[in-house]
Amino acid sequence: MKKALKIIAVSLFVMILAGCQNVSGDSATKTMKLAHNQTLDHPVHLSLVEFGRLVEEKSNDTIQVDIFPNGQLGSEREVIELTQTGAVDVAKVSASALEGFESDYSIFSLPYVFEEYEDFEHVMNTESITDKIYKNTEDIGFIGLTYYNAGMRHLYTKDREVNDLSDMSGLKVRVQPSQTSVNMIEALGGIPTAMAYGEVYTSLQSGIIDAAENNETALVGNNHGEVAKYYMYTGHQIVPDMLIMNAERFNQFSEEEQALIQEAADESTAYHEDVWAKAIKEQTETAKNEMGVQFIEVDKGPFIDAVQPLHKAYANDEKTKDIYQLIMGGKAND
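Note that this is a predicted model, so its numbers are computed, not measured.

(A) The arrangement of the pairing of strand β9 (residues 230–238) in detail. Taken across its nine residues, β9 has eight buried, putting it largely inside the fold. Relative to β9, strand β5 (residues 152–157) runs antiparallel, the two being bridged by five bridges. Within the sheet, the bridge partner assigned to Tyr156 lies in β9 and is Tyr231. Of the strand pairs in this sheet, β9 and strand β11 (residues 294–297) are connected by four bridges, and their pairing is parallel. If you follow Tyr231 over to β11, its bridge partner there is Phe295.

(B) The arrangement of the packing of helix α6 (residues 127–135) against helix α14 (residues 321–330) in detail. Contact geometry for α6 and α14: axes closest at 10 Å, N-to-C directions at 150°. When the interaxial angle is binned, α6 and α14 end up roughly antiparallel. You can see that α6 and α14 cross each other, and the crossing is left-handed. Of α14, the residues touching α6 (which contributes Ile129, Lys132 and Ile133) are Ile323, Leu326, Ile327 and Gly330.

(C) Broad picture of a negative patch on the surface. Where like charges cluster on the molecular surface, the negative patch consists of Glu115, Glu116, Glu118 and Glu121. For Glu121, the position within the fold is in helix α5 (residues 117–124). Residue Glu121 is classed as partly exposed on the basis of its relative accessible area, which comes to 32%.

(D) Molecular detail of the pattern of salt bridges. Overall, the coordinates contain 14 salt bridges when judged by the stated rule. Salt-bridge contacts for Glu57 lead to Arg53; the nearest nitrogen and oxygen are separated by 3.0 Å. Of this pair, Glu57 and Arg53 both sit in helix α2 (residues 43–58), four residues apart, roughly one helical turn. Assessed through its relative accessible area of 39%, Arg53 is described here as partly exposed. Between Asp89 and Arg249 there is a salt bridge; the shortest N-O distance is 3.3 Å. Here the residue Asp89 occupies a position in the loop between α3 (76–85) and β3 (90–94), and Arg249 occupies one in helix α10 (residues 247–252), the gap between them amounting to 160 residues. As far as the burial class goes, Asp89 and Arg249 line up, both buried. Through salt bridges that share partners, Lys33, Asp89 and Arg249 make up one connected network.

(E) Representation of α6 within the structure. For α6, the full list of buried residues reads Ile129, Thr130, Ile133 and Tyr134. The buried residues of α6 occupy an angular sector of 120° when the element is viewed end-on, so they sit on one face. Of the exposed residues in α6, those oriented more than 90 degrees away from the buried face are Glu127, Ser128 and Lys135. Of the surrounding secondary structure, the elements contacted by the buried residues of α6 are α5, β4 (142–148), β10 (241–246) and α14.

(F) Examining the packing of α2 against helix α11 (residues 255–289) more closely. Relative to each other, α2 and α11 sit at 150°, their axes nearing to 8 Å. Compared by their axis directions, α2 and α11 come out roughly antiparallel. Handedness of the α2/α11 crossing: right-handed. Residues Pro43, Val44, Leu46, Ser47, Glu50, Phe51, Leu54, Val55 and Lys58 of α2 touch α11, and the partners they reach there are Leu260, Ile261, Glu263, Ala264, Ala265, Glu267, Ser268, Tyr271, His272, Val275, Trp276 and Ala279. The residue makeup of the contact of α2 with α11, split by class, is 14 nonpolar, three polar and four charged.

(G) Examining α11 more closely. In this model, α11 (35 residues) spans 51 Å end to end at C-alpha, consistent with the 51 Å of a helix rising 1.5 Å per residue. The axis of α11 is deflected most strongly, by about 25°, at His272.

(H) Spatial organisation of unusual backbone geometry. Its identity as a non-glycine residue notwithstanding, Asn60 has a phi of 55°, on the positive side. Overall, the relative accessible area of 65% leaves Asn60 in the exposed class. A positive phi is found at Asp61, a non-glycine position, where the angle reads about 65°. Residue position: Asp61 is located in the loop between α2 and β2 (63–68).

(I) Expanded view of the packing of aromatic side chains. In this structure the tally under the stated criterion is nine aromatic pairs. Considering the side-chain rings of Tyr156 and Tyr231, the 5.9 Å spacing of their centres and the 15° angle between planes classify their relative orientation as stacked. Here the residue Tyr156 occupies a position in strand β5, and Tyr231 occupies one in strand β9, the gap between them amounting to 75 residues. On the accessibility criterion, Tyr231 (0% relative accessible area) is buried. An aromatic cluster is built from Phe114, Tyr117, Phe120 and Tyr147, whose rings are joined through pairwise contacts.

About the thresholds
- Residues numbered from 1 in each chain as written.
- Predicted model: local features only at pLDDT ≥ 70, side-chain atom pairs only at ≥ 80, totals over all residues.
- Heavy atoms only, no water.
- Buried < 20%, exposed > 50% of the residue type's maximum accessible area, 1.4 Å probe, protein only.
- Helix = DSSP H or I, 4+ residues; strand = E, 2+ residues; numbered from the N terminus.
- Pairing = 2+ DSSP bridges.
- Axes fitted to C-alpha atoms, helices over the stretch in contact; angles between N-to-C directions.
- Parallel < 35°, antiparallel > 145°, perpendicular 65-115°, else oblique.
- Left-handed = near helix turned anticlockwise from the far one by under 90°.
- Contact = heavy atoms within 4.5 Å.
- Patch = residues over 30% accessible without salt bridge, like charges linked within 9 Å, V, L, I, M, F, W, Y side chains within 5 Å.
- Areas by Shrake-Rupley, 256 points an atom, 1.4 Å probe, with all protein chains shown as cover.
- Salt bridge = Lys/Arg side-chain N within 4 Å of Asp/Glu carboxyl O.
- Lys, Arg positive; Asp, Glu negative; His and termini not counted.
- Charge placed at Lys NZ, Arg CZ, Asp CG, Glu CD.
- Arc of directions from axis to C-beta.
- Nonpolar A, V, L, I, M, F, W, Y, C, P; charged D, E, K, R; others polar.
- Expected span 1.5 Å × (residues − 1).
- Bend = angle between axes of the 7 residues up to and from the residue.
- Phe/Tyr/Trp six-rings, centres within 6.5 Å; stacked < 30°, edge-to-face > 60°.

Take a look at the structure:
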């Protein structure tokens, strides 16, 4: 009940805010509300700003994109639900958060489904694969527009090196609210704890968790490097950020407008690759030289072997076997 009331309250807030904006703006301008949970200096936010700029430029300012960063409108799950209802038009959310709405998205949380970034990139640029995923949620209220590289996910700990699989035993690891990620940590011997991203810093600091897993930007952009001093290159997942849009809202635009929105989304993804690469390089150096984080290479072989039962389960499950075979068959080295 409390959750439903919160969603209603946020929906009313967004509608009131939108109404205030329309009073002061051009009545002919169509406004899209875009929500995400990253900070203003995060590369994803910069790429979303570029998306908004491109939409406005391509539409000759007849479509405006208003961005609500920093989780202003709620957690990722709440923002997805708001996008379903139309209270939010567009949202950037992790593919793992979408797993609870459409099982196809769980494939990205399956550990080592992509062992190399080239395989991931090839799959995400294969239209026959992404169309299946992006359009599969239209009947529940939203569609996918594009993806943003969120890097490889690696393990980082407060005060404990993980050099091999045995070091995972009993390790309390924060994971995204994804059953697949929970299963992954269990398969590796750790103790998974699903929690919101905003709780990770204090949970590491207080000892509620021993470790988390994410890309390198978490160390600097969210200050996790202040409390986590060991970063292990486990490379266990490549979970993209997804740009989703309310299906009904998208269909209200003309075909020309739909095309320019899609073009802007695709171009913002290309723009993001450079922004992301620069951020990873700079923030890794900052974490290493200014925060004292140690970066450790590990043998991924035992980790890959440990999660093979999860792959077998995906290959045989009626809900996931089709997307599993599609992804495995679409990788660059196949």
